[in-house]
Amino acid sequence: MDEEYDVIVLGTGLTECILSGLLSVEGKKVLHMDRNDYYGGESASLNLTQLFRKFRPNNSPPADLGRDRDYAVDLIPKFIIASGELVNILVHTNVLQYLEFKQIAGSFVYKNGKISKVPSTEVEAAKSPLMGLFEKYRAKKFFEFLQKWEEGDPATHQGLNLDKDSMRKVYQHFGLEPGTQDFIGHAMALYLDDDYINKPARETYERIVLYTTSMARWGKSPYIYPLYGLGELPQAFARLSAIYGGTYMLDKPIDEIVLNKDGSFAGVRSGADTARAKMVIGDPSYFGAGKEAEGGKLRVVEDGKVVRAICILKHPIPGTEDSDSVQIIIPQNQVNRRNDIYIAMVSSTHKVCANNIYVAIVSTIVETSAPENEIQPGLHLLGSIYDKFVTVSPIYTPVADGKQDHVYITRSYDATSHFETVVEDVQAVFKRVMGKDLVLKKREPDAEH
């Protein structure tokens, strides 16, 4: 360990593993360390014994849940958008070869006490129970507008400027009702709240197109998911890093972040060993996580909390056509909240639990002093719950960009049900570290239907 590296990476969460893989491919000499004896950090997938050890240390898993090794329960529930940036990174780095994906069977949205499939084309909009007859006609016109938009052809713009006009103006142009705006903004553009409505429409347009092109790829939903759980993703990127000469050390306590006299990063001490490097990348838990770190310097601050309930069910979620996997979004306006509630459910089809067991995770950003009450609308949709494990996790954000002291800290995982924000963080840290944008090649991924 007493060597000089280009980069030391602390924590084997997905963000850190993608970065160590990308930097190794760029020719950097990388040392990757984790205090845990397993990959994944906050984004690990746990077997049944590990799940109970984490949440109920004095209890053993009930025998009727089946074999320990059949389980890989995600601590952070997220799906992969089929045409999204994470797929581009998987293709670019050739990490796809280590993974096998299966489609998520359905994408649903909650409205007026019921869940319905999210329509993503004008044909689906025409059949959707989410809208009345006249609203269906208006929504059809809106989707046709998106599909026919040509950047260089003003005749397709209907007098709208996506870079100047707000999304509110676009909605008003088509006369769309608030309930329709809810499912477009939250279940298709995947915004957590309504702040987007007053911003230029360009990003929303791009997000909706991402959703519809992902949907068009395989039909049932725009999401895919790795067999054996999300914990496979960090391990696959770790393998990539190792191929390019990266060194991995698990179960390694990090005792000190060593600094030079000018406060810049010098190395990491574990016991009597010190590894030196030009820079460090790590998750917030290695840098004080809201407390003052070494030398009284505050490196990360809390930026809200996420509540997540891991629920074990013995049946599919009612009202989802007996789907073996689904995403359900409850837009905040439907339940008088500021942030959406997400439900992500997977099953034995994805090799993450025993046969006839379903794992549903309900999550949202905390707004009150009673977080578990805030996810009740989501829990209520699940039907009878065999068991549940609830966590409340702070979201930490770095206070500095790292350029001055070469300490680059990643963000905590947010409440979104997909990986686009994780990739944004990867791209931002990569650019700060390398001084250039992450450029990806585009090829078609292969997924099992």
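Our structure is the block above this text.
A quick note: this is a predicted structure, and the numbers were derived from the prediction, not measured.

Participant: Any details on the pattern of salt bridges? Residues and values, ideally.
Facilitator: Per the stated rule, a full pass over the model turns up 25 salt bridges. Taking the shortest distance from any N to any O, the salt bridge between aspartate 414 and lysine 78 comes out at 2.9 Å. A residue pair is termed long-range when its members are at least 10 positions apart, and aspartate 414 in the loop between β19 (407-409) and α12 (420-434) and lysine 78 in the loop between β4 (73-74) and β5 (80-81) qualify at 336 residues. Across the pair, exposure class does not vary: aspartate 414 and lysine 78 are buried alike. Note that arginine 138 and glutamate 177 form a salt bridge whose closest N and O atoms lie 3.5 Å from each other. Here glutamate 177 lies in the loop between α6 (167-174) and α7 (178-188) and arginine 138 lies in helix α5 (residues 133-148), a separation of 39 residues in the sequence. Since its relative accessible area comes to 25%, arginine 138 is described here as partly exposed. A network of salt bridges, in which partner residues are shared, links Glu135, Arg138 and Glu177.

Participant: Before we move on, can you summarise the sheet that holds β5 with the specific residues and values?
Facilitator: Strand order in the open sheet formed by three strands is β5-β9-β6, and the pairing between neighbours is antiparallel. Every interior strand has two partners, whereas the edge strands, β5 and β6 (101-103), have only one. Note: β5 against strand β9 (residues 223-226), two bridges, orientation antiparallel. Bridging from a neighbouring strand, isoleucine 80 pairs with isoleucine 224 of β9.

Participant: Account for the packing of helix α1 (residues 14-25) against helix α9 (residues 232-243), naming residues and giving values.
Facilitator: Remark: α1 packs on α9, axes separated minimally by 8 Å, with the N-to-C direction vectors making an angle of 20°. Considering their axes alone, α1 and α9 lie roughly parallel with respect to each other. Remark: the crossing between α1 and α9 carries left-handed chirality. Here Leu14, Cys17, Ile18, Ser20, Gly21, Ser24 and Val25 of α1 lie close against α9, whose contacting residues are Leu233, Pro234, Phe237, Leu240 and Ser241.

Participant: Help me get a handle on helix α2 (residues 48-55), residues and values and all.
Facilitator: The set of residues buried in α2 consists of Leu48, Leu51 and Phe52. All buried residues of α2 project into a common sector of 90° when viewed along the axis, lining one side. The inward-facing, buried residues of α2 contact β3 (45-46), β4, β14 (300-313) and β18 (387-398). For α2, the side-chain oxygen to backbone nitrogen distance between the N-cap and threonine 49 is 3.2 Å, and the N-cap itself is asparagine 47.

Analysis parameters
Residues numbered from 1 in each chain as written. Predicted model: local features only at pLDDT ≥ 70, side-chain atom pairs only at ≥ 80, totals over all residues. Heavy atoms only, no water. Salt bridge = Lys/Arg side-chain N within 4 Å of Asp/Glu carboxyl O. Helix = DSSP H or I, 4+ residues; strand = E, 2+ residues; numbered from the N terminus. Buried < 20%, exposed > 50% of the residue type's maximum accessible area, 1.4 Å probe, protein only. Pairing = 2+ DSSP bridges. Axes fitted to C-alpha atoms, helices over the stretch in contact; angles between N-to-C directions. Parallel < 35°, antiparallel > 145°, perpendicular 65-115°, else oblique. Left-handed = near helix turned anticlockwise from the far one by under 90°. Contact = heavy atoms within 4.5 Å. Arc of directions from axis to C-beta. Polar contact = N/O pair within 3.5 Å; in protein donor to acceptor, adjacent residues only side chain to side chain.

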